[in-house]
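Examination of the molecular architecture
Listed below, chain by chain, are the residues.
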Amino acid sequence: MKLGVVGLPNVGKSTLFNAITHAGAEAANYPFCTIEPNVGVVAVPDERLDKLAALYDSKKITPAVIEFVDIAGLVKGASKGEGLGNKFLSHIREVDAVVHVVRCFEDENITHVESTVDPVRDIGTINLELILADMETVQRRLDRAKTAAKGGDKKVAAEAEFYQKVLDHLGKEQCARTLALSDEEKEWMHDLFLLTAKPVIYAANIAEKDMGKADADLPYVRAVEAFAAQEGSEVLVICAKTEEELSQLPPDEAEMFLQELGLGESGLARLIKKSYALLGLISYLTAGEKETRAWTVTEGTKAPQAAGKIHSDFEKGFIRAEVVDWQTLLECGSYNAAKEKGKVRSEGKDYVIKDGDVVLFRFNV
């Protein structure tokens, strides 16, 4: 999974990226300090792995990973190449989902590109540039479809109608992800690779002094939540500065710091959970003496395709999957004990993998 971290200059975007990846992207008080996208790969926190590894005395633990891409700040006119617009647009096109960092704090020492703090306006600035870029994409596809439809092909004519529908929607300054679609139209939309069709998590970046306050007491956060609700997007309230400080502490001290702040888990853990939910992802597990590992698949994935994540031969020669829930396995004390108690199920090609399944694939090539 690849997440693009975006936002206007000086909203805390690179500070948050530093915190969640420890990659050290330069965070400076001026636009475009992040010219090339910084990429950081982070492990997905998963308590199940440590517990299973202890059970099996595994030599190696391999968690699932997420790739974060810190993308250069955007300004008005990016769709026309202003600032670093063309680079921004090409980099964002490659990600699965967008983490849109929005400034929800006042600080006279940090210059705002628009001089004042207004998170909904800032969201609109970025969204409009992406919408304008998408309109160019759709217009080109529409022109080609109209020409092809002159030959009387009804399917092509239907596609042309769809492109016009999308173009009209974008023309109202509405993101493509807010357009209601039929199943067939969803396939056509997927093939357009539109920037505004990507799912979004708005990261409402608050001041350290606002940590622990209820959202109702934070007007900027309330404004972001109201906007996100209209388009069905997620909101994560986070303090990038605090997350950066947490990331520099040893794990035990970071845990104590979180408790002192009244937080159950780090912003990274919350961001990953929201990202998984947003993209419909789950993790199944494999465990043994050599390695305990998490494998990420889309919710609804069947056993042979899940096996293919490990190796294509597993999918080609799939026979069956031996499955046990991770908690049940721990309670039984060993795989053999779970098998003796009838807790290990033998599943065929139509079995849909569930989050937390510990799976042993049987295959023959």
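Right above here is the structure, for reference.
Think of each chain on its own: its residues are numbered from 1, step by step along the sequence as written. In keeping with the model being predicted, local features are shown solely for residues with a pLDDT of at least 70 and side-chain atom pairs are shown and tallied solely at 80 or more, while totals for entire chains, interfaces and linings include all residues. Only hydrogens and water are set aside; all other atoms, that is, all heavy atoms of the structure, feed into the side-chain values.

1. Topic: the packing of helix α4 (residues 119–149) against helix α5 (residues 154–171)
An axis is simply a line fitted to the C-alpha atoms; with a helix, the fit covers only the stretch in contact. Between two such axes, the angle follows the N-to-C directions and lies from 0 to 180 degrees. A run of H or I in DSSP becomes a helix once it reaches four residues, and a run of E becomes a strand once it reaches two; helices and strands are each numbered from the N terminus. Interaxial distance between α4 and α5 falls to 9 Å at its minimum, and their mutual angle equals 155°. With respect to α5, the element α4 is oriented roughly antiparallel. Note on packing geometry: the crossing formed by α4 with α5 is left-handed. Contacts from Ile 131, Asp 134, Met 135, Val 138, Gln 139, Arg 141, Leu 142, Ala 145, Lys 146, Ala 148 and Ala 149 in α4 reach Val 156, Ala 157, Ala 160, Tyr 163, Gln 164, Val 166, Leu 167, Leu 170 and Gly 171 in α5. When residue character is reported, Ala, Val, Leu, Ile, Met, Phe, Trp, Tyr, Cys and Pro are called nonpolar, Asp, Glu, Lys and Arg charged, and the others, Gly included, polar. For the contact of α4 with α5, the per-class residue count stands at 14 nonpolar, three polar and three charged. Angle categories: roughly parallel below 35 degrees, roughly antiparallel above 145, roughly perpendicular from 65 to 115, and oblique for all the rest. Should the near helix be turned anticlockwise from the far one by less than a right angle, the crossing is termed left-handed; should it be turned clockwise, right-handed. Contacts are assigned to residue pairs that have any heavy atoms within 4.5 Å of one another.

2. Considering the packing of aromatic side chains
Stacked, edge-to-face and tilted are the three classes for Phe, Tyr and Trp ring pairs, Trp counted by its six-membered ring, which pair at centre distances within 6.5 Å; planes under 30 degrees apart are stacked, over 60 edge-to-face, the rest tilted. Taken as a whole, this structure holds six aromatic pairs when the rule is applied. Aromatic pair Phe 162 and Trp 188: ring centres 5.6 Å apart, planes at 50°, arrangement tilted. Of this pair, Phe 162 sits in helix α5 while Trp 188 is found in helix α6 (residues 183–192), placing the two residues 26 residues apart along the sequence. The burial state of Phe 162 is the same as that of Trp 188; both residues are buried. Ring plane angle 80° and centroid distance 5.9 Å describe the contact between Tyr 202 and Phe 227, whose orientation is recorded as edge-to-face. One end of the pair, Tyr 202, is in strand β6 (residues 200–205); the other, Phe 227, is in helix α7 (residues 219–231), and 25 residues separate them in sequence. Residues Tyr 202 and Phe 227 agree in their burial class; the two are buried. Taken together, the ring pairs in this structure connect Phe 162, Tyr 163 and Trp 188 into an aromatic cluster. Its guanidinium or amino end placed over the ring of Trp 295, Arg 293 lies 4.0 Å from that ring's centre, counting from NZ or CZ. Here the term buried applies to any residue with accessible area under 20% of the maximum for its type, exposed to any over 50%, and partly exposed to those in between, with areas from a 1.4 Å probe on protein chains only. Either the NZ atom of lysine or the CZ atom of arginine qualifies as a charge over a ring when it sits within 6 Å of the ring centre and within 35 degrees of the ring normal.

3. With respect to the packing of helix α8 (residues 240–247) against helix α9 (residues 251–261)
It is at 9 Å that the axes of α8 and α9 come closest, and there the two elements cross at 150°. The pairing of α8 with α9 is recorded here as roughly antiparallel in orientation. By crossing handedness, the relation of α8 to α9 is classed as right-handed. Together, Thr 242, Glu 245 and Leu 246 of α8 and Ala 254, Phe 257, Leu 258 and Leu 261 of α9 make up the contact between the two elements. Taken together, the residues of the contact of α8 with α9 break down into five nonpolar, one polar and one charged.

4. Some remarks on the environment of Glu 255
Within the secondary structure, Glu 255 sits in helix α9. Under the relative-accessibility criterion, Glu 255 is labelled partly exposed at 41%. Counting along the chain gives 39 residues from Glu 255 to Ala 216, while the straight-line C-alpha distance between them is 27 Å.

5. Regarding the environment of Glu 187
Relative to the elements of secondary structure, Glu 187 occurs in helix α6. The spacing of Glu 187 and Leu 261 is 74 residues in sequence and 45 Å in space, taken between C-alpha atoms.

6. Quick word on the pairing of strand β5 (residues 97–103)
β5 sits mainly inside the fold: seven of its seven residues count as buried. In β5, alternate side chains face the same way, and those of Ala 97, Val 99, Val 101 and Arg 103 on one face and Val 98, His 100 and Val 102 on the other are all buried. Here, a strand pair is defined by DSSP locating no fewer than two bridges between the strands. When β5 meets β6, the two strands line up parallel, connected through six bridges. Pairing of Val 101 across the sheet is with Ala 203, part of β6.

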